[in-house]
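Examining the three-dimensional arrangement
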Amino acid sequence: MKFLILICILAFATTPNAIDHWNADASKAKINFSVDGPFGTVHGSFSGLKATIGFSEKDLAGSSISASIDAKTVSTGISLRNSDLRKKEIWLNTDRYPVISFKSRKIEKTASGFKVSGNLTLKATTRPVEIPFTFTPSAAAGIFQGKFRINREDYGIGKKGGSVGKIISISLEIPVNR
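Sequence order sets the numbering: in each chain, residues are counted from 1 along the sequence as written. pLDDT decides what is reported in this predicted model: residues at 70 or higher carry local features, side-chain atom pairs at 80 or more are listed and counted, and totals for whole chains, interfaces and linings draw on all residues regardless. In computing side-chain values, all of the structure's heavy atoms are included and hydrogens and water are not.

What about the side chain of R152?
- Labels follow the DSSP assignment, with helices taken as runs of H or I lasting at least four residues and strands as runs of E lasting at least two, numbered in each case from the N terminus. Counting through the fold element by element, R152 comes out in the loop between β9 (141–151) and β10 (167–177).
- What qualifies as a polar contact is a pair of N or O atoms within 3.5 Å, subject to a donor-acceptor requirement within protein and to the restriction that residues adjacent in sequence count only when both atoms come from side chains. Separated by 2.8 Å, the side chain of R152 and the backbone oxygen of G165 make a polar contact.
- Only heavy atoms matter for contacts: two residues are in contact if any of them lie within 4.5 Å across the pair. Look past the residues within four positions of R152 in its chain and what remains in contact with it is I157, G158, K159, G161, V164, G165, K166 and I168.

Written as structure tokens, this is what we have:
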């Protein structure tokens, strides 16, 4: 009998950690960007987040993040600029490229939190990116926060050179629950 109990204890002790599956609260998610423009910094946002998040601090190798946003939701607070961003091929052309997506390849622990390495697809161009982030759990909820930068020219956004800065800064604040 003691032998059977010992086997059960060992079986549970060596079972891999279960990945926590988190549901993103799309209505409260903040996906913001900024880029230098000819008359100052342009700030904007996206909505329409859809995400599949499997994340456990105890099993980063088994964790993964897959997310997409509706490109048509781009908003800068200026309707003419929003229209140009959505319609013009030089910018986002959201009829032709309706989704911006990210798929993780690896999640690692860092000194200040975590780093997810993955592929960002924007305007049918996929490039590797690294997103440093933090995760703050609170019972059956939590919040992911991260910041990263991309070169807009890598994704065919805007004219090469031009009066718009090359670097787009992106910040993410994604509330989640189980």
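Overview of the nonpolar core
- Ranked by size, the top nonpolar core spans 38 residues in total, and within it F46, F55, L120, F144 and I150 carry the most contacts.
- Sorting the residues of this core by element identifies β2 (30–37), β3 (40–46), β5 (64–70), β6 (99–110), β7 (113–122), β8 (125–138), β9 and β10 as the ones contributing at least two each.
- In contact with L120, other than residues within four places in its own chain, are I100, S101, F102, T125, T126, R127, V129, F148, I150 and Y155. Definition of nonpolar core: a set of buried residues of the types Ala, Val, Leu, Ile, Met, Phe, Trp, Tyr and Cys, connected through side-chain atoms within 4.5 Å. Working definition: with a 1.4 Å probe on protein chains only, accessible area under 20% of the residue-type maximum means buried, over 50% means exposed, and in between means partly exposed.

Things to note about unusual backbone geometry
- Positive phi outside glycine occurs at K123, with the angle close to 55°.
- Positionally, K123 belongs in the loop between β7 and β8.
- Note on K123: relative accessible area 8%, which makes it buried.
- The backbone of A139 sits at a positive phi, close to 55°, despite the residue not being glycine.
- Mapped onto the elements of the fold, A139 is located in the loop between β8 and β9.

Read these as geometric descriptors, not functional statements.
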